[in-house]
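# Residue-level structure breakdown
Each chain, letter by letter, is given below.
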Amino acid sequence: MKISIGNDHAGTQYKFAVVKHLEAKGYIVNNYGTDSSDSVDYPDFVHPVATDVTNKVVDFGIIICGSGNGANMTANKHQAVRSALCWTKEITVLAREHNDANILSIPARFTAVEQVIEMVDAFLSTAFQGGRHQNRINKIPVSC
């Protein structure tokens, strides 16, 4: 499985832990995030992840910023992206089961690294339930 990951300065240490965890499990990881704690603009690191997901270059994306909000908003500007801001394993599972989320947005300042690893594992191992949820997913895109 291929994953793209992007982060700003608030998520650097979390990104390092997630990448190490994923690579140990045999995942291929595209790293678009900063490797520094110097201040950067999260859209610069989120757009490449969302583009990879949109173009089906990867199976899923993971994005990390301080609150998770800015990264999530940025990713969701891409029409084929369903990015979910999650801060617990339970919310993460529902985002996959009910919303077919294809990007996990993580709030680094409101989660612990161990919790994030648990969320990532849940995100990547939970299947979309389809059915009535697919009907709702079909109504998300806006056509102008």
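So, here's what we can say about the structure. Per chain, residue numbering runs from 1 following the sequence as it is written. Local features in this predicted model are restricted to residues of pLDDT 70 or higher, and side-chain atom pairs are both shown and tallied only at a pLDDT of 80 or more, whereas totals for entire chains, interfaces and linings draw on every residue. Each side-chain value is worked out from all heavy atoms of the structure, with water and hydrogens disregarded.

This part is about the overall build of the chain. Helix and strand assignments come from DSSP, with helices taken as H or I runs of at least 4 residues and strands as E runs of at least 2, each series counted from the N terminus. Along its length, the chain carries six helices and five strands. Walking the chain from its N terminus toward its C terminus, one meets helices and strands in the order β-α-β-α-β-α-β-α-β-α-α. When the backbone C-alpha atoms are referred to their principal axes, the chain occupies close to 40 × 35 × 25 Å. Summary of the burial criterion: residues with accessible area below 20% of their type's maximum are buried, those above 50% are exposed, and those between are partly exposed, where the area comes from a 1.4 Å probe applied to protein chains only. The buried share of the chain, taken over its 144 residues, is 48%. Note on areas: Shrake-Rupley, 1.4 Å probe, and residue coverage restricted to the protein chains presented here. Entry remark: accessible area of the chain is about 7300 Å², with carbon and sulfur atoms responsible for 51%. Averaged over its 13 positive side-chain charges, the chain has a centre that lies 9 Å from the centre of its 14 negative ones. Neither His nor the chain termini are counted; the positive set is Lys and Arg, and the negative set is Asp and Glu. A charge is said to be at NZ when it belongs to Lys, at CZ for Arg, at CG for Asp and at CD for Glu.

Our next topic: the packing of aromatic side chains. In this description, an aromatic ring pair is defined by two values, namely the gap between the centres and the angle between the planes. Here a Phe, Tyr or Trp ring, Trp counted by its six-membered ring, pairs with any other such ring whose centre lies within 6.5 Å, and the pair is stacked when the planes are under 30 degrees apart, edge-to-face when over 60, and tilted otherwise. Taken as a whole and assessed by the stated rule, the structure comprises one aromatic pair. Consider the rings of F60 and F123, whose centres lie 5.3 Å apart with planes at 70°: the pair is edge-to-face. Of this pair, F60 sits in strand β3 (residues 60-65) while F123 sits in helix α5 (residues 113-125); the two residues are 63 residues apart in sequence, bridging distant segments of the chain. A relative accessible area of 0% places F123 in the buried class. Above the plane of the ring of F123 lies R96, whose end atom (NZ or CZ) is 5.8 Å from the centre. Sitting over a ring, as applied to charges here, requires NZ of Lys or CZ of Arg to be within 6 Å of the ring centre and within 35 degrees of the ring normal.

Here we come to the environment of S4. Among the secondary structure elements, S4 is positioned in strand β1 (residues 2-7). C-alpha of S4 to C-alpha of A75: the two residues are 71 residues apart in sequence and 12 Å apart in space. Two residues form a contact once any of their heavy atoms are found within 4.5 Å. Contact partners of S4, with chain neighbours within four places excluded, come to N30, Y32, V49, D52, V58, F60, G61 and I62. Contacts described as polar in this section are N or O atom pairs within 3.5 Å, which, within protein, must combine one atom able to donate a hydrogen with one able to accept it, while residues neighboring in sequence count only if both atoms come from side chains. Within the structure, S4 has its side chain in polar contact with the side chain of N30 (distance 3.3 Å).

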